[in-house]
Amino acid sequence: MPSKVSKSKLPTPEQYNHFVNGLELRRVRLIEARVQALEASPNPARSQVGLEESYSYRPEEDGFEAVGKFRLVVVDQDSLAEQGSIEVSFGFWYSSELQPETEGFAGYFEVFKEINLPINMWPFAREFIHNTMARMDWPPFTLPLRKLASEGRRKAPVKTRSK
């Protein structure tokens, strides 16, 4: 697992672009999922949705597997009682010219997990969450598009709207 990386260890924009150009997505897999429907049918207009996400990597042959973990929690906005949650983890295996054992790889991954990786993984998580909510017989919650933002967005509540 990568350790905390100081800003001095981060790649330059040119180095990072070279790193990204050397990546190829080879495989996508569902690693784990957990679902709890504590409320039969929450009202999206009276619910708050929180989304937490985290990213890590592990070395793989000729590259690495990026692991994204997403946790969506729905609570009643008045009582703050949890109505349900969905947790899902995906693995994206990338072939890479820069190997995880290479000194400085953790710095590249720090930038990758903030810029490219959420853009790559979010459609998979969003689709899984949407379909899971339908299987829970919940009304649709519209989850937002992924946009680049600061670190603070990772734990901020997600505003939703019913279709």
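Here, the structure is the one placed above.
Residues numbered from 1 in each chain as written. Predicted model: local features only at pLDDT ≥ 70, side-chain atom pairs only at ≥ 80, totals over all residues. Heavy atoms only, no water.

1. Structural notes on the packing of aromatic side chains
Applying the stated criterion to the full structure yields 20 aromatic pairs. Residues Tyr57 and Phe109 carry aromatic rings whose centres are separated by 4.7 Å and whose planes lie at 55 degrees to one another, so their mutual orientation is tilted. Remark: Phe109 occurs in helix α2 (residues 105-114) and Tyr57 occurs in strand β2 (residues 47-60); sequence separation between them is 52 residues. Here the two residues Tyr57 and Phe109 agree in accessibility, since each one is buried. (Phe/Tyr/Trp six-rings, centres within 6.5 Å; stacked < 30°, edge-to-face > 60°. Helix = DSSP H or I, 4+ residues; strand = E, 2+ residues; numbered from the N terminus. Buried < 20%, exposed > 50% of the residue type's maximum accessible area, 1.4 Å probe, protein only.)

2. Examining the pattern of salt bridges
For the coordinates displayed, the defined rule picks out 7 salt bridges. Between Asp78 and Arg46 there is a salt bridge whose closest N-O contact spans 2.3 Å. Residue Asp78 is located in the loop between β3 (63-76) and β4 (82-96), and its partner Arg46 is located in the loop between β1 (23-37) and β2; the two are separated by 32 residues in the primary sequence. By relative accessible area, Asp78 is classed as exposed at 54%. Taking the relative accessible area as the measure of exposure, Arg46 reaches 38% and is therefore partly exposed. Close ionic contact of Arg71 with Glu87 constitutes a salt bridge, the shortest N to O distance being 3.1 Å. Here Arg71, found in strand β3, pairs with Glu87, found in strand β4; they are 16 residues apart in sequence, far enough to count as distant. (Salt bridge = Lys/Arg side-chain N within 4 Å of Asp/Glu carboxyl O.)

Interpretation note: all reported values are geometric properties and have no functional meaning in isolation.
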